[in-house]
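Structure assessment
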Amino acid sequence: MAIQLNDRYTSTFLSEKDLKEIQPAVTAAHKTLREKSGAGNDFLGWVNLPEDYDKEEFERIRKCAAKIQKSCDILVVIGIGGSYLGARAVIEYIKSPLYNNLKKDTPDIYFAGNSISSTALNELLAICEGKDVCVNVISKSGTTTEPAVAFRVFRALLEQKYGKEGARERIFVTTDRAKGTLKQFSTDAGYETFVVPDDVGGRFSVLTAVGLLPIAAAGIDIDQLMAGAAAASHAYTDPDITKNDCYRYAAIRNLLYRQGKTVEILTAYEPFCAMLNEWWKQLYGESEGKDQKGIFPASVIFSTDLHSLGQFIQDGNRILFETVLAIQNTGSSFAIPNDPANIDGLNFLSGMDLDDVKKTAMQGTVLAHVDGGVPNLLIEISEKNEFVLGELLYFFELACAISGYILEVNPFNQPGVEAYKKNMFALLGKPGYEDLRSDLEKRLQNS
């Protein structure tokens with residue numbers, strides 16, 4: 001595998017006895033997942049998805065992506081949470097965080113419907129002025145506030161600019177297969193639709209049409225992405241944590257949690273990992289944070305954040321452990337130039353590749369943080385490409401499921417997410433929420 005777990009920097013925090021003692025819990029979690037006998041078992045479609053996917057829809061995704069590339073300057077992807085994080089993570093990881101600024105033969109891709117910000121919406125509308133625009137709206141129901149509002153706006157923009165017939169050719173909908181407000185509306189309007197599978201939750205949906213259509217529109221090889229995930233799905237089938245790095249990662253997370261390490265920081269040394277970190281935070285936060293349990297997922301990009309959070313990580317409350325994404329070959333290099341005057345005193349670096357400096361900084365930081373009482377796990381990634389990223393995405397999804405079952409929570413529901421929605425709907429005056437609205441207004445008045 002191109003993904004290897006290096007746990008040598010946890011050896012002063014965990015013993016082989018600890019790992020042996022958690023093996024039965026890992027084996028039980030493996031059995032629960034594979035036999036589909038646990039909580040949330042109706043949301044396990046992602047397990048076999050890398051091979052057991054709709055091939056006809058996959059081909060339609062490919063054709064639709066080519067159509068988008070030919071017909072528009074900008075693709076606006078409308079969705080929130082798992083409906084956009086996976087696609088954005090892959091695009092920025094494979095292409096660049098500066099993807100929209102690069103010279104390319106694919107459209108700029110902007111993401112909308114993931115906030116309640118008039119500023120962000122107005123700025124995106126300004127960017128779209130004078131451009132040919134396509135829209136991919138992603139929502140299971142079509143009634144989630146943030147994407148529904150954005151779709152109203154961009155649907156009106158396209159219909160005004162191209163007419164209803166022209167807009168129909170530029171709006172692509174990823175939604176429920178058969179039911180829901182958005183599905184019915186799209187059928188009536190004649191939009192091309194793709195499926196959010198019933199048995200795949202949003203945060204596990206990056207390898208469905210939810211993620212694949214925007215990813216393919218960016219010119220990324222979705223066949224290789226799926227192939228890498230398929231390779232991982234075959235590799236991580238043995239419950240023995242001495243043979244399965246994915247399960248070993250899940251086990252170590254839980255052992256550290258039992259020691260009071262309640263915050264995991266996903267650490268990367270490349271800016272192109274920033275949105276991958278955000279995808280990972282939703283995956284683990286929404287899967288494990290329930291029943292008053294869970295490891296809080298945080299993230300940093302070093303060395304940038306060493307100058308803002310490094311002090312706390314080194315010397316602050318010892319509730320942390322780090323998981324470091326250590327990419328061996330990014331495919332990029334830059335030789336540090338020589339300065340004859342040596343004004344900054346850094347000529348000892350002259351001619352050295354900047355990537356080697358980065359790797360040395362990582363090594364020094366890992367050692368410093370371990371000495372400071374912060375366990376470090378390294379996920380060593382051989383190279384940066386679609387195949388290896390597919391492996392990594394599946395690695396994290398599978399580890400998340402196993403870790404959740406070890407923690408004895410349902411990794412596939414999110415009951416807490418609904419609480420704020422009910423309050424928001426009530427305070428905004430949505431019909432049917434009158435009693436709750438009255439109660440909330442009294443509480444706000446008394447606060």
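The residue numbering used here restarts from 1 in each chain and proceeds along that chain's sequence as written. Where local features are concerned, this predicted model is filtered to residues with pLDDT of at least 70; where side-chain atom pairs are given and counted, the filter is 80 or more; whole-chain, interface and lining totals use all residues. Calculated side-chain values reflect all of the structure's heavy atoms, with hydrogen atoms and water omitted.

**So, the overall build of the protein**
Note the cut-off: By definition, any uninterrupted DSSP run of H or I lasting at least four residues is a helix, any uninterrupted run of E lasting at least two residues is a strand, and each is numbered from the N terminus. Partly exposed describes any residue whose relative accessible area lies between the buried limit of under 20% and the exposed limit of over 50%, with all areas from a 1.4 Å probe on protein chains only and scaled to the type maximum. Any two residues whose heavy atoms approach within 4.5 Å are treated as being in contact. Only the protein chains shown count as cover for residues, and the accessible areas themselves come from Shrake-Rupley with a 1.4 Å probe. His is not counted here, nor are the chain ends, while Lys and Arg score as positive and Asp and Glu score as negative. Taken as the charge location is NZ of Lys, CZ of Arg, CG of Asp or CD of Glu.
When you go through the protein residue by residue, the secondary structure sums to 15 helices and 10 strands. The burial tally for the protein puts 50% of its 447 residues in the buried class. A separation threshold of at least 6 residues defines the contact pool for the protein, and within that pool the share at least 24 residues apart is 78%. Total accessible area computed for the protein in this model is approximately 20,300 Å², and 51% of it derives from carbon and sulfur atoms. Between the centroid of the 46 positive side chains of the protein and the centroid of its 59 negative side chains there is a distance of 4 Å.

**Concerning the pattern of salt bridges**
The criterion, for reference: When a carboxyl oxygen of Asp or Glu lies within 4 Å of a side-chain nitrogen of Lys or Arg, that pair is called a salt bridge.
Summed over all chains, the structure comprises 24 salt bridges. A salt bridge links Arg170 to Asp132; its shortest N-O distance comes to 4.0 Å. With Arg170 in the loop between α5 (145-168) and β5 (171-175) and Asp132 in the loop between α4 (118-128) and β4 (133-138), this pair connects stretches of sequence that are 38 residues apart. Since its relative accessible area comes to 13%, Arg170 is described here as buried. In this structure, Asp176 engages Lys179 in a salt bridge whose closest nitrogen and oxygen atoms are separated by 3.4 Å. For Asp176, a relative accessible area of 5% translates into the label buried. Among the charged side chains, a network of salt bridges with common partners joins Glu56, Glu57, Arg60 and Glu192.

**A look at the packing of helix α9 (residues 245-258) against helix α13 (residues 386-407)**
Filter applied, for reference: Whenever a helix is involved, its axis is fitted only over the stretch in contact; in every case the axis is a line through C-alpha atoms, and angles between N-to-C directions fall within 0 to 180 degrees. Under this scheme an angle from 65 to 115 degrees is roughly perpendicular, one under 35 degrees roughly parallel, and one over 145 degrees roughly antiparallel; angles in between are oblique. A crossing counts as left-handed when the near helix is turned anticlockwise from the far one by less than a right angle, and as right-handed when that turn is clockwise. Here the term charged refers only to Asp, Glu, Lys and Arg, the term nonpolar to Ala, Val, Leu, Ile, Met, Phe, Trp, Tyr, Cys and Pro, and the term polar to all other amino acids, Gly among them.
Where α9 contacts α13, the two axes come as close as 8 Å, and the packing angle between them is 45°. Considered as vectors, α9 and α13 are oriented oblique to each other. Relative to α13, α9 is oriented so that their crossing is right-handed. Residue-level inspection shows Asp245, Cys246, Tyr247, Tyr249, Ala250, Ala251, Arg253, Asn254, Tyr257 and Arg258 of α9 in contact with α13, the latter providing Phe395, Phe396, Leu398, Ala399, Ile402, Ser403, Ile406 and Leu407. Grouping the constituent residues of the contact of α9 with α13 by class yields 13 nonpolar, two polar and three charged.

**What about the side chain of Asn100?**
Heads up, the condition is: Pairs of N or O atoms within 3.5 Å make up the polar contacts considered here, provided that, within protein, one atom can donate a hydrogen while the other can accept it, and that residues adjacent in sequence are counted only when both atoms are side-chain atoms.
Mapped onto the elements, Asn100 comes out in the loop between α3 (85-94) and β3 (108-112). A distance of 2.8 Å separates a polar atom in the side chain of Asn100 from the backbone nitrogen of Ile109. Those residues in contact with Asn100, other than ones at most four positions away along the chain, are Asp108, Ile109 and Tyr110.

**Some remarks on the nonpolar core**
Let me state the cut-off plainly: Buried residues of nine kinds, namely Ala, Val, Leu, Ile, Met, Phe, Trp, Tyr and Cys, make up a nonpolar core once their side-chain atoms join them within 4.5 Å.
One finds Leu33, Trp46, Trp279 and Phe396 to be the most contacted residues of the largest nonpolar core, which totals 114 residues. Leave out the neighbours within four places in its chain, and Trp46 touches Leu33, Asp199, Val200, Phe204, Tyr394, Glu397, Leu398, Ala401 and Phe412. Judged by nonpolar contacts, the second largest core, of 19 residues, contains Ala112, Cys128, Leu158 and Tyr191.

**Structural notes on helix α2 (residues 55-71)**
Defined as follows: Here the expected length of a helix is defined as 1.5 Å per residue gap, with one fewer gap than residues. The arc in question is formed by the directions pointing from the helix axis toward the C-beta atoms.
A rise of 1.5 Å per residue sets the reference length of α2, with its 17 residues, at 24 Å; its end C-alpha atoms lie 24 Å apart and thus fit the reference within 8%. Taken residue by residue, α2 has Glu57, Phe58, Ile61, Cys64, Ala65 and Ile68 as its buried positions. Down the axis of α2, the buried side of the element spans an arc of 120°, and every buried residue falls inside it. Set apart from the buried face of α2 by more than 90 degrees, the exposed residues are Lys63 and Lys70. Where α2 starts, the residue carrying a side-chain oxygen 3.0 Å from the main-chain nitrogen of Glu56 turns out to be Asp54.

**Focus on the pairing of strand β10 (residues 376-383)**
The following threshold applies: Any two strands are treated as partners once DSSP identifies two or more bridges connecting them. When the strands point away from the viewer, a crossover counts as right-handed if the route from the first strand across the helix to the second turns clockwise.
Examined bridge by bridge, strand β1 (residues 3-6) and β10 share four bridges and lie antiparallel to one another. Bridged to Gln4 within β10 is Glu380. Relative to β10, strand β9 (residues 320-329) runs parallel, the two being bridged by seven bridges. Following the sheet pairing, Leu325 is matched in β10 by Ile379. You can see the chain leave β9, run along helix α12 (residues 354-371) and come back into β10, and the turn it takes is right-handed.

**A look at the packing of aromatic side chains**
We count it as follows: Working definition: rings of Phe, Tyr and Trp (its six-membered ring) pair if their centres are within 6.5 Å, and the pair is stacked with planes under 30 degrees apart, edge-to-face with planes over 60 apart, and tilted otherwise.
Counting across every chain of the model gives 18 aromatic pairs. Their ring planes at 65° and their centres at 6.1 Å tell us that Tyr249 and Phe396 sit as a pair that is edge-to-face. You can see Tyr249 sitting in helix α9 and its partner Phe396 sitting in helix α13, a full 147 residues away along the chain. A relative accessible area of 1% means that Phe396 is categorised as buried. Taken together, the ring pairs connect Tyr236, Tyr249, Trp280, Tyr284, Phe395 and Phe396 into an aromatic cluster.

**A few points about the sheet that holds β10**
Pairing in this open sheet of five strands is mixed, and the strands run β1-β10-β9-β7-β8 from one edge to the other. This sheet does not close on itself; its edge strands, each paired only once, are β1 and β8 (296-301). Recorded for the sheet is a direction-independent mean angle of 20° between the axes of neighbouring strands. With respect to the sheet, α12 is in contact with β9 and β10, its orientation differing from that of β9 by roughly 160°.

**A word on the pairing of β8**
In terms of burial, β8 is a largely internal element, five of the six residues being buried. Of the pairings in the sheet, the one linking strand β7 (residues 263-268) to β8 comprises six bridges and is parallel in character. By the bridge assignment, Val263 is partnered in β8 with Phe296. The handedness of the β7 to β8 crossover, carried by helix α10 (residues 274-288), is right-handed.

**What about the sheet that holds strand β6 (residues 192-195)?**
If you walk across this open sheet you meet the five strands as β3-β2-β4-β5-β6, and the pairing is parallel. Edge positions in the sheet fall to β3 and β6, since each of these pairs with one other strand and no more. Strand-to-strand, the axes of this sheet are offset by a mean angle of 20°, without reference to chain direction. Looking at chain direction, strand β2 (residues 74-78) and β3 are connected through five bridges and run parallel. Its bridge partner being in β3, Ile74 is matched across the sheet by Asp108. Sheet strands in contact with helix α6 (residues 181-189) are β4, β5 and β6, and its direction is about 145° off that of β5.

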